[in-house]
Amino acid sequence: MSTSPTISFIGAGNMASAIIGGMLDNGYKAGDIWVSAPDDGHLQAIRKRFGVSVTTDNRYCTQQANMVVLAVKPQVMADVCRDIAPVVQNTRPLMVSIAAGLTADTLDEWLGGGLPLVRVMPNTPSLVGKGAAGLFANKHVKDDQKAMVQSVFESIGSALWVDDENLLHGVTALSGSGPAYFFLMLEALEAAATDAGIEPATARELAIQTMAGAAEMAARSEHDPAQLKRNVMSPGGTTEQAVNTFEEGGLRELVKKAYQAAFKRSEVMASELAGKQ
Ligand SMILES: NC(=O)C1=CN([C@@H]2O[C@H](COP(=O)(O)OP(=O)(O)OC[C@H]3O[C@@H](n4cnc5c(N)ncnc54)[C@H](O)[C@@H]3O)[C@@H](O)[C@H]2O)C=CC1
Ligand SMILES: O=C(O)[C@@H]1CCC=N1
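For clarity, every value in this text was computed on a predicted model and none was experimentally measured.

Parameters and conventions
The residue count restarts for each chain, going from 1 along the sequence in the order it is written. Each chain takes a letter, starting from A, and each ligand takes a number, starting from 1, following the order in which they are written. pLDDT decides what is reported in this predicted model: residues at 70 or higher carry local features, side-chain atom pairs at 80 or more are listed and counted, and totals for whole chains, interfaces and linings draw on all residues regardless. Strands here mean DSSP runs of E at least two residues long; helices mean DSSP runs of H or I at least four residues long; both are numbered from the N terminus. Between the buried cut of 20 or more and the exposed cut of 12 or fewer other C-beta atoms within 10 Å of a residue's own C-beta lies the partly exposed class, and all C-beta atoms are placed from the backbone. Contact criterion: two residues are in contact if their C-beta atoms, reconstructed from the backbone, are within 7 Å. The criterion for a residue being near a molecule or strand is a backbone-placed C-beta atom within 6 Å of that molecule or strand. Here the term charged refers only to Asp, Glu, Lys and Arg, the term nonpolar to Ala, Val, Leu, Ile, Met, Phe, Trp, Tyr, Cys and Pro, and the term polar to all other amino acids, Gly among them. Definition of nonpolar core: a set of buried Ala, Val, Leu, Ile, Met, Phe, Trp, Tyr and Cys residues joined via C-beta atoms within 7 Å. Boundary definitions for the domains trace back to an automatic or database domain assignment. UniProt positions are given in the numbering used here, feature names are shortened, and annotations may be inferred rather than shown by experiment. Strands are labelled as partners when DSSP assigns at least two bridges between them. Classification remark: right-handed applies to a crossover when, strands pointing away from the viewer, the course from the first strand over the helix to the second runs clockwise. An expected span of 1.5 Å times one less than the residue number is assigned to each helix. For helices, the fitted line uses only the C-alpha atoms of the stretch in contact; every axis is such a line through C-alpha atoms, and the angle between N-to-C directions lies from 0 to 180 degrees. An angle counts as roughly parallel when it lies under 35 degrees, as roughly antiparallel when it exceeds 145, as roughly perpendicular when it falls between 65 and 115, and as oblique in every other case. By definition, turning the near helix anticlockwise from the far helix through less than a right angle yields a left-handed crossing, and turning it clockwise yields a right-handed one. pLDDT measures how confident the predictor is about each residue, on a scale from 0 to 100.

Asks: Outline the overall build of the chain, listing residues and values.
Replies: Summing up its helical and strand segments, the chain has twelve helices and eight strands in all. Counting across all 277 residues of the chain, residues that qualify as buried make up 34%. Considering only contacts in the chain between residues 6 or more positions apart, those separated by 24 or more positions represent 68%.

Asks: Account for the site of ligand 2, with residues named and values stated.
Replies: The environment of ligand 2 is formed by Ala-100, Thr-172, Gly-176 and Ser-177. Looking at the shell around ligand 2 residue by residue, the classes come out as one nonpolar, three polar and no charged.

Asks: Now, about the nonpolar core: what can you tell me, with residues and values included?
Replies: Ranked by internal contacts, the top residues of the largest apolar core, which has 62 residues, are Val-35, Leu-70, Val-96, Val-118 and Val-149. Residue contributions to this core peak at six residues, all from helix 1 (residues 14-25).

Asks: Account for the domain arrangement of the chain, naming residues and giving values.
Replies: Under the domain assignment used here, the chain contains domain 1 (7-167) and domain 2 (178-267). For domain 1 versus domain 2, the separation of C-alpha centres amounts to 32 Å.

Asks: Break down the site of ligand 1 for me, with residues and values.
Replies: Around ligand 1, the structure places 27 residues, and the nearest of them are Gly-11, Gly-13, Met-15, Ala-99 and Ala-100. Secondary structure elements with two or more residues in the shell around ligand 1: helix 1 and helix 4 (74-91). Classifying every residue of the shell around ligand 1 gives 16 nonpolar, nine polar and two charged.

Asks: Before we move on, could you go through unusual backbone geometry and cite the residues and values that matter?
Replies: Even without glycine at this site, Arg-92 takes up a positive phi of about 50°. Judged by local crowding, Arg-92 falls into the partly exposed class, with 13 C-beta atoms found within 10 Å.

Asks: Break down the UniProt feature "domain: Pyrroline-5-carboxylate reductase dimerisation" (unreviewed entry) in the chain for me, citing the residues and quoting the values.
Replies: Here the UniProt-annotated "domain: Pyrroline-5-carboxylate reductase dimerisation" (unreviewed entry) positions come out as residues 165-267. Across residues 165-267 one finds 83% helix and 0% strand; the C-alpha atoms that close the span lie 11 Å apart.

Asks: So what about the pairing of strand 4 (residues 67-70)? Which residues, and what values?
Replies: On a regular strand, each side chain points to the face opposite its neighbour's, so the side chains alternate between the two faces of the sheet. Every second residue of strand 4 is oriented toward a common face, with Met-67 and Val-69 on one face and Val-68 and Leu-70 on the other, all of them buried. One ladder, built from four bridges, connects strand 1 (residues 7-10) with strand 4; its direction is parallel. Note on strand 4: the bridge partner recorded for Ile-10 is Leu-70. As a crossover connection, the stretch from strand 4 through helix 4 into strand 5 (residues 94-97) is right-handed.

Asks: So what's going on with helix 4? Which residues, and what values?
Replies: Here helix 4 contains 18 residues, and its C-alpha end-to-end distance of 24 Å stays within 8% of the 26 Å for a straight helix at 1.5 Å per residue. Among the residues making up helix 4, those that are buried are Met-77, Val-80, Cys-81, Ile-84 and Val-88. Contacts from the buried residues of helix 4 go to strand 1, helix 3 (58-63), strand 4, strand 5 and helix 5 (104-110). Arg-92 sits one or two residues past helix 4 and shows a positive phi near 50°.

Asks: I'd love a proper account of the packing of helix 7 (residues 167-176) against helix 12 (residues 251-274), names of residues and values included.
Replies: Running from amino to carboxyl end, helix 7 crosses helix 12 at an angle of 135°, the nearest separation of the two axes being 8 Å. Considering the angle they form, helix 7 stands oblique to helix 12. Between helix 7 and helix 12 lies a crossing of right-handed hand. From helix 7, His-169, Gly-170, Thr-172 and Ala-173 reach across to helix 12, where they touch Tyr-259, Ala-262, Phe-263, Ser-266 and Glu-267.

Asks: Pulling in residues and values, what's your account of the confidence of the model for the chain?
Replies: With 98% of its residues at a pLDDT of at least 70, the chain reaches an overall mean of 95. Scored as a whole, the predicted complex attains pTM 0.93, and scored at its interfaces, ipTM 0.98.

The structure is reproduced here in C-alpha cells:
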C-alpha cells in the first residue's frame, strides 16, 4: 500500500475540519485529500482554508480514496452509506466512521457488507495536534490498514485501540465529548474572575494558561492528579477553601452523572439508529 494514501472525507463540518487541519500541520498533503458535502458553505470554507479538493458528489469523492472517512452526523449516515454502497463494494477502500453511537455492524450493513471498517471516536483538539481518539477495527481490517488509520490519528494526537466495541461509548463520554466539559469550566472560571473585577481578556488568558499548564503537568509528572492537587493546597490556604467547596457541592457526583448521561446517549443513539431503514 502507498505510504501516502488518498483520503476522502464525506462531510465538511467541525470534526472533518479539525482532523484535516491537524493532518496538514503534520506532514499530510492537501493534494491527497478529498472532501464532499452539500454546497452549504462548509465545503467552500474547507477548500479555501486547507486547499483540499472538494466536490458535492459523495460517490465521486469516495471513488478517489484508499480510505474514506464518514464525517457526517449520525442521523444522515444511513442515507450517505446507502448512496455510496455500490462504489465501495467495487473499490473496497478502508472505511472509517467517526460518528458517535453507530456500530460497525450497522454501518457495514448500510454499506453493503463485508468491508474493512474502523470506528474512531476523535475530538476537536485534533485541530491543534492535541486530539485524543479511541479506535476499534472490525474483523475485515488488515494490519496495514490498521497502521494507515493509526498513523492519521497519531499525527493529530493520541490514538488508542480498544478491542471491545462497547468501550467506545465510554471513550465518547470521556474524550469525544470531553473538550466541552473543560470549555464549560473555562467559561465558569472566567465569569467568576470577571465578577471579581478582573478584565475579561485577562481572566480568559489566565484561566486558559492555567488549564493548559495543569494538563501539561499532569501529562509529564510522575505524580497522579490527586497528589498534584495536594501540592497546590497549602494547609489553611486558599486552594483548600476552593477544593472543599467543590467537594461539598458534589462535584465528583456531578461529573459522574454527566459522564453517564453522555454514555447513555451514545448507547441510545446506537440502538435507535440501528433500526433506521
Ligand atoms: N464535534 C465533535 O466534537 C465530534 C463529532 N464526532 C462525530 O463527527 C460527526 C460529524 O460531527 P460534526 O463535524 O460536529 O458535524 P457538523 O454538523 O459540523 O458537520 C457535518 C457535515 O456533514 C455535511 N453533510 C450533511 N449531509 C451530508 C450528506 N448527505 N453528504 C455529505 N455531507 C453531508 C454537512 O454539510 C457538514 O459539513 C458526527 O457523526 C459526530 O458524532 C465525533 C467526535 C467529536
Ligand atoms: O456530541 C456529540 O454527539 C459528538 C460526539 C462526541 C462529541 N460530539
